[in-house]
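Fold and geometry: a report
Read off the chains here:
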Amino acid sequence: MAKKETVKNAEKLVEMGMKGNDASHDEAHVWRVRDLALSLAREEGLASNPESLEMVELAALLHDIGDYKYLSDPSEEKIVEKFLELEGIEEHKKVKILRIIKGMGFKDELAGLENDQLFPEFGIVQDADRLDAIGAIGIARCFTFGGSRSRVLHDPAIQPRSDLSKEQYMKKDEQTTVNHFHEKLLKLKDLMKTKAGQKRAERRHKFMEEFLKEFYEEWDGRA
């Protein structure tokens, strides 16, 4: 686990940096990801490795600071780097934490993962973030984000985009909230990096499939 003072400072940075975000990407999301990441780390056998737990906790806490979806100033991308320097985090830990944060997004996976990103702490934090994007919480977050961007719930005339590139995914094309399930959320189960993450993803994935089946039946007046 990270030093208590550093964790407190990271939590303050999260509260300041994410203030005003909609509830799909607020501080509560970060606290859930932190709890999930530490839980996955223990299941993956890292409980006796304080250095790994420190990197996992800090990366989980800081992973959405400077998120491109909410960026108002390009300089915000450097906030995490400066924070880690001010906190005196050792260079080798800092490098790994930044690799996790910069490479863990779905858009980055579409562009292809680098070999130096495939280390245990990376998979754990990425899986934790992805678990919070699926299941009941994921459904709630998906519709919250769609509503914040004034997206329509569903339009049968607008088909989900297939074989997305990083650039296409980041484009703000006219899309429906339900299409996001097909373009991203339903794909996450098979992209989990840890056994613990895969196991938890199964249940959450199934819940989303059941939700969508009911959604389409209700939409069409069949339920």
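Report follows, based on the coordinates. (Residues numbered from 1 in each chain as written. Predicted model: local features only at pLDDT ≥ 70, side-chain atom pairs only at ≥ 80, totals over all residues. Heavy atoms only, no water.)

A few points about the overall build of the protein chain
Broken down by element type, the protein chain carries 11 helices and zero strands. Moving toward the C terminus, one meets the helices and strands of the protein chain in the order α-α-α-α-α-α-α-α-α-α-α. Put simply, the protein chain has 223 residues, and 46% of those count as buried. Pairs at least 24 apart in sequence give 69% of the contacts found in the protein chain among residues at least 6 apart. (Helix = DSSP H or I, 4+ residues; strand = E, 2+ residues; numbered from the N terminus. Buried < 20%, exposed > 50% of the residue type's maximum accessible area, 1.4 Å probe, protein only. Contact = heavy atoms within 4.5 Å.)

Some details on the nonpolar core
Inside soluble globular proteins, nonpolar side chains tend to come together where they are buried. If you look at the biggest cluster of nonpolar residues, it comprises 53 residues, and the most contacted ones within it are Leu62, Leu84, Ile97, Ile134, Phe181 and Leu185. Broken down by element, this core gets its largest block of residues, eight residues, from helix H3 (residues 50–62). (Core = buried A, V, L, I, M, F, W, Y, C linked by side-chain atoms within 4.5 Å.)

Overview of unusual backbone geometry
With phi around 55°, Ser150 is a residue other than glycine that occupies positive phi space. Summarising the element assignment, Ser150 is placed in the loop between helix H8 (135–148) and helix H9 (166–170). In this structure Ser150 comes out as exposed when scored by relative accessible area, which is 64%.

Thoughts on the environment of Arg32
By the secondary structure assignment, Arg32 is in helix H2 (residues 27–43). Arg32 sits 29 residues away from Leu61 along the chain, and the two C-alpha atoms are 9.5 Å apart. Contact partners of Arg32, with chain neighbours within four places excluded, come to Asp132, Ile137 and Arg141.

As for the packing of aromatic side chains
All told, the structure shown has eight aromatic pairs when counted by the stated rule. With 5.9 Å between their ring centres and 45° between their planes, Phe143 and Phe181 make a pair best called tilted. In this pair, Phe143 sits in helix H8 while Phe181 sits in helix H10 (residues 177–183), placing the two residues 38 residues apart along the sequence. The exposure class of Phe143 is partly exposed, given its relative accessible area of 21%. Its relative accessible area of 0% is what places Phe181 among the buried residues. (Phe/Tyr/Trp six-rings, centres within 6.5 Å; stacked < 30°, edge-to-face > 60°.)

Structural notes on H3
The end-to-end C-alpha distance of H3 is 18 Å, a good match for the 18 Å that 13 residues give at a rise of 1.5 Å each. For H3, the tally of buried residues reaches 11 of 13 residues, placing the bulk of the element in the interior. Of the residues making up H3, those classed as buried are Ser52, Leu53, Glu54, Met55, Val56, Glu57, Leu58, Ala59, Ala60, Leu61 and Leu62. Those residues of H3 that are buried lie in contact with helix H1 (4–17), H2, helix H4 (79–86), helix H5 (91–103) and helix H7 (120–131). (Expected span 1.5 Å × (residues − 1).)

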